[in-house]
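Analysis of the macromolecular model
For reference, the chains in residue letters:
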Amino acid sequence: MALHFVTDEAGGAQPGDTVELTGSEAHHAAAVRRVRVDEAVTLGDGRGAWLSGVVTAASPKQVEVRVTGREVVPAPSPRFVLVQALAKGDRDELAVQAATELGVDVIVPWQASRSVSRWDAKADKGLARWRTIVREAAKQAHRAWIPEVETVARTADLVRLAETSLVLVLEPSASDRLTSVAAEASDGRDVVLVVGPEGGIAPEELSALADAGARLVRLGDTVLRTSTAGAAAISVLSAAHGRW
């Protein structure tokens, strides 16, 4: 499989053009992935442009690719949105990475009431870290669209979201299984999966979301960690909606 790289220049390139990779992307291509002249690669802009090409020059400072083919991949619809509660250690980062590889379209960090990790004074740093993880995971997975990472949400924001989107809250005590509702039509609305922190979603948060129209669902008879629940749910949605 050809290696995949992301550059804004890919957005307007056509077959016959030469696209240059510079900076960190060129260093990664030449020094880390060790691309060579005449090697086939793919390029994208992270917003649907998908190019095939052949390397014509390679150095750690600049890699040149001659474009041989172009495709525009439509944005997924409906979008799959993961609302991931902040978690201690690297558990939320693992969740973000896996969800990106498995097909999530939007990621929303959630400062849940039971989140041990707090981003109050370091939100910008946390967002930058998540966006880097998402970009690299999307490249690894050869995705034409890089998922958006939105600003940190509070529970009140999720309540408002439930008024316009199909919100599915992962809750082990729920009576409905995700597999039984995953394929239901969302009428073009986003399908939003809400994953709580290590200690679970607080009762008052569950009530507020349910009152706003969110549905509580469970994955099965076992309880998954916050680092794996979102990825498992995205897999169920992908199969139910025909992406897989």
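Since the structure is predicted, the reported quantities are computational estimates derived from the model, not experimental observations.

1. Overview of the packing of helix 2 (residues 91–102) against helix 3 (residues 123–140)
It is at 8 Å that the axes of helix 2 and helix 3 come closest, and there the two elements cross at 35°. Crossing angle aside, the handedness with which helix 2 passes helix 3 is right-handed. Contact residues: helix 2 offers Asp92, Glu93, Val96, Gln97, Thr100 and Glu101, while helix 3 offers Arg129, Trp130, Ile133, Val134, Ala137 and Ala138. For the contact of helix 2 with helix 3, the residue count by class is six nonpolar, two polar and four charged.

2. Things to note about the sheet that holds strand 7 (residues 106–110)
Read across the open sheet, the seven strands follow the order 8-7-6-11-9-12-10; overall the sheet is parallel. Edge positions in the sheet fall to strand 8 (148–149) and strand 10 (176–177), since each has one partner strand and no second. Bridge count between strand 6 (residues 80–85) and strand 11 (residues 191–195): five bridges; the pairing is parallel. Looking at strand 11, one finds that Leu82 is bridged to Leu193.

3. Observations concerning the packing of helix 2 against helix 7 (residues 226–240)
The interhelical angle for the contact between helix 2 and helix 7, taken along N-to-C directions, is 15°, at an axis separation of 7 Å. Judged by the inter-axis angle, helix 2 sits roughly parallel to helix 7. For the element pair helix 2 and helix 7, the recorded crossing hand is right-handed. In contact with Arg91, Leu94, Ala95, Ala98, Ala99 and Leu102 of helix 2, helix 7 contributes Thr226, Ser227, Ala231, Ile234, Ser235 and Ser238. For the contact of helix 2 with helix 7, a count of residues per class yields seven nonpolar, four polar and one charged.

4. What about the side chain of Asp190?
Relative to the assigned elements, Asp190 resides in the loop between helix 5 (178–181) and strand 11. A polar contact is formed between the side chain of Asp190 and the side chain of Arg79, at a distance of 2.8 Å.

5. Digging into helix 6 (residues 203–211)
Two residues of an α-helix separated by three or four positions point the same way, owing to the 3.6 residues in each turn. When helix 6 is considered as a whole, its buried residues turn out to be Glu205, Leu206 and Leu209. One side of helix 6 holds all its buried residues, which, seen down the axis, span an arc of 100°. For helix 6, the exposed residues lying more than 90 degrees away from the buried face are Pro203, Glu204 and Asp211. Each element contacted by the buried residues of helix 6 is listed here: strand 7, helix 4 (155–161), strand 9 (166–170) and strand 12 (215–218). Just past helix 6, the residue Gly213 takes up positive phi, approximately 110°.

6. Quick look at the nonpolar core
Of all hydrophobic cores here, the largest spans 27 residues; its most connected members are Ile107, Trp130, Leu168, Leu170, Leu178 and Leu193. Counting residues per element, the ones that place at least two in this core are strand 6, helix 2, helix 3, strand 9, helix 5, strand 11 and helix 7. Ignoring anything within four residues of it in the chain, the contact list for Trp130 reads Gln84, Leu86, Asp92, Glu93, Val96, Ile107, Pro109, Trp119 and Val149.

7. What to know about the sheet that holds strand 1 (residues 3–6)
A sheet is described by the order of its strands in space; here five strands give the open sequence 1-3-4-5-2, paired in mixed fashion. The two strands at the open ends of the sheet, each matched to only one other strand, are strand 1 and strand 2 (18–22). Going from strand to strand, the sheet's axes swing by 40° on average, the running direction of each strand aside. Inspection of the sheet shows strand 1 paired to strand 3 (residues 40–44) by four bridges, in the parallel sense. Note that in strand 3 the partner of Phe5 across the bridge is Leu43. Most of the contacts of helix 1 (residues 23–32) go to strand 2, to which it runs at about 95°, and overall it touches strand 1, strand 2, strand 4 (49–59) and strand 5 (62–72).

What counts and what doesn't
Residues numbered from 1 in each chain as written. Predicted model: local features only at pLDDT ≥ 70, side-chain atom pairs only at ≥ 80, totals over all residues. Heavy atoms only, no water. Axes fitted to C-alpha atoms, helices over the stretch in contact; angles between N-to-C directions. Helix = DSSP H or I, 4+ residues; strand = E, 2+ residues; numbered from the N terminus. Left-handed = near helix turned anticlockwise from the far one by under 90°. Contact = heavy atoms within 4.5 Å. Nonpolar A, V, L, I, M, F, W, Y, C, P; charged D, E, K, R; others polar. Pairing = 2+ DSSP bridges. Parallel < 35°, antiparallel > 145°, perpendicular 65-115°, else oblique. Polar contact = N/O pair within 3.5 Å; in protein donor to acceptor, adjacent residues only side chain to side chain. Buried < 20%, exposed > 50% of the residue type's maximum accessible area, 1.4 Å probe, protein only. Arc of directions from axis to C-beta. Core = buried A, V, L, I, M, F, W, Y, C linked by side-chain atoms within 4.5 Å.

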